[in-house]
Amino acid sequence: MENMNELYSDIILEHNQSQANKRLLDVANISEHGHNPSCGDDITLQADIQDGVVKDAAYTGHGCAISQASADIMIDLIKGKSVEEALRLVDLFLDMIKREITDDDELEELEDAIALKNISNMPARVKCAVLAWHTLKAALEKGQN
């Protein structure tokens with residue numbers, strides 16, 4: 001098993017401690033609840049979508065460092081992006097976690113989310129890392145219908 005220092009890298013710790021995206025939005029037109037029964041991680045994701053663009057997004061809830069850091073990283077990544085682009089980045093992240101895409105050049109646009117790449121080696125932690133991303137995908141897909 002990899003050592004925990006590598007797993008909980010500085011980036012993950014930094015994003016777990018960051019509270020900038022952990023708040024309620026004043027204006028939100030999509031909201032989605034995500035829950036991981038295996039570990040109790042629980043988040044509610046909100047976004048303000050205007051003209052097909054993610055103007056703002058935030059989350060509330062609780063969970064382990066990985067789920068909280070992953071949510072924070074994801075929100076940093078999608079703010080200002082179109083809904084289509086945000087969905088594409090979600091799929092890219094999930095493909096990275098499933099090890100379907102391993103080329104760092106292809107993954108570069110995930111920015112800090114690449115810090116979560118090695119979680120794919122720890123199946124018990126994968127659900128923690130993907131919770132926010134699956135929640136976002138569900139919210140955006142509902143919002144498009």
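As a reminder, the structure under discussion sits directly above these lines.
Along each chain, residue indices are assigned from 1 in the same order as the chain's sequence is written. In view of the model being predicted, local features appear only for residues whose pLDDT reaches at least 70, and side-chain atom pairs are presented and counted only at 80 or more, with totals across whole chains, interfaces and linings using the full set of residues. To obtain the side-chain values, all non-hydrogen atoms of the structure were included, while hydrogens and water were left out.

Student: An account of the environment of Ala115 is requested, with residue identities and associated values reported.
Tutor: Mapped onto the elements, Ala115 comes out in the loop between helix 5 (104-107) and helix 6 (123-144). Three labels apply to residues, based on accessible area from a 1.4 Å probe with only protein chains included: buried if under 20% of the type maximum, exposed if over 50%, partly exposed otherwise in between. Residue classification places Ala115 among the partly exposed positions, given a relative accessible area of 22%. It is 29 Å that separates the C-alpha atoms of Ala115 and Lys142, two residues lying 27 residues apart in sequence. Sequence-distant contacts of Ala115, that is, excluding residues within four places in its chain, are made with Ser9, Ile11 and Ile12. Here a strand is any run of E in DSSP of at least two residues, a helix any run of H or I of at least four, and the numbering for each starts at the N terminus. Residues are treated as being in contact if the distance between any of their heavy atoms lies within 4.5 Å.

Student: Please set out the packing of helix 3 (residues 65-78) against helix 6 residue by residue, giving values where relevant.
Tutor: Taken N-terminus to C-terminus, the directions of helix 3 and helix 6 make an angle of 35°; their axes are 8 Å apart at the nearest point. For the crossing formed where helix 3 meets helix 6, the hand is right-handed. Along the contact surface, helix 3 presents Ile66, Ser67, Ser70, Ala71, Met74, Leu77 and Ile78, while helix 6 presents Arg125, Cys128, Ala129, Ala132, Trp133 and Leu136. Classification convention: Asp, Glu, Lys, Arg as charged; Ala, Val, Leu, Ile, Met, Phe, Trp, Tyr, Cys, Pro as nonpolar; all other residues, Gly among them, as polar. The residue inventory of the contact of helix 3 with helix 6, partitioned by class, reads 10 nonpolar, two polar and one charged. Structural elements are reduced to axes, namely lines fitted to C-alpha atoms, with helices fitted over the stretch in contact, and the angle between N-to-C directions of any two is expressed from 0 to 180 degrees. Put simply, a crossing is left-handed when the front helix is turned counterclockwise from the back one by less than a right angle, and right-handed when it is turned clockwise.

Student: Go over helix 6, please, and point to the residues and values.
Tutor: The end-to-end C-alpha distance of helix 6 is 31 Å, a good match for the 32 Å that 22 residues give at a rise of 1.5 Å each. The axis of helix 6 is deflected most strongly, by about 45°, at Val130. Residues Cys128, Ala129, Val130, Leu131, Ala132, Trp133, Thr135, Leu136, Ala139 and Leu140 constitute the buried set of helix 6. Packing partners of the buried residues in helix 6 comprise strand 1 (30-36), strand 2 (41-50), helix 3 and helix 4 (83-97). An expected span of 1.5 Å times one less than the residue number is assigned to each helix. Bending is quantified residue by residue as the angle between axes fitted to the seven-residue window ending at that residue and the seven-residue window starting at it.

Student: A description of unusual backbone geometry should follow, citing residues and the corresponding values.
Tutor: The backbone phi angle of Asp51 is positive, close to 50°, even though this residue is not glycine. Tracing the backbone through its elements, the reader meets Asp51 in the loop between strand 2 and strand 3 (53-62). Despite not being glycine, Arg99 shows a phi value in the positive range, around 65°. Looking at where Arg99 falls in the secondary structure, it is placed in the loop between helix 4 and helix 5.

Student: Which residues make up the packing of aromatic side chains, and what are the values?
Tutor: The description of an aromatic ring pair rests on the distance of the ring centres and on the angle between the ring planes. In this analysis, rings of Phe, Tyr and Trp, with Trp reduced to its six-membered ring, are considered paired at centre separations within 6.5 Å, and the interplanar angle assigns stacked below 30 degrees, edge-to-face beyond 60, and tilted for intermediate values. Under the defined criterion, the tally for this structure stands at one aromatic pair. Taking 3.8 Å as the distance between ring centres and 5° as the angle between the ring planes, the aromatic pair formed by Phe93 and Trp133 counts as stacked. Residue Phe93 is found in helix 4, and its partner Trp133 is found in helix 6; the two are separated by 40 residues along the sequence. Here Phe93 matches Trp133 in class, with each residue buried.

Student: With reference to specific residues and values, describe the side chain of Gln46.
Tutor: Within the fold, Gln46 resides in strand 2. Any pair of nitrogen or oxygen atoms within 3.5 Å is treated as a polar contact; in protein, a donor-acceptor pairing is required on top of that, and neighbouring residues in sequence qualify only through side-chain atoms on both sides. Separated by 2.9 Å, the side chain of Gln46 and the backbone nitrogen of Leu25 make a polar contact. Apart from the residues within four sequence positions on either side, Gln46 is in contact with Arg23, Leu24, Leu25, Ala28, Ile30, Ser31, Asp56, Ala57 and Ala58.

Student: So what's going on with the side chain of Thr135? Residues and values would help.
Tutor: Residue placement: Thr135 occurs in helix 6. The buried category is assigned to Thr135, whose relative accessible area is 5%. Here Thr135 is in contact with Glu32, His33, Gly34, Ile43 and Leu45, once residues within four sequence places are set aside.

Student: I'd like a description of the nonpolar core, backed by residues and values.
Tutor: Core analysis: the biggest nonpolar cluster contains 43 residues, and Phe93, Leu110, Trp133 and Leu140 have the highest contact counts within it. Taken together, the elements giving at least two residues each to this core come down to strand 2, strand 3, helix 3, helix 4 and helix 6. Ranked by residue count, the leading element in this core is helix 4, at 10 residues. If we ignore the near neighbours within four places in the chain, the residues touching Phe93 are Ser70, Leu110, Ala113, Leu116, Ala129, Val130 and Trp133. Buried Ala, Val, Leu, Ile, Met, Phe, Trp, Tyr and Cys residues that are joined via side-chain atoms within 4.5 Å together make up what is termed a nonpolar core.

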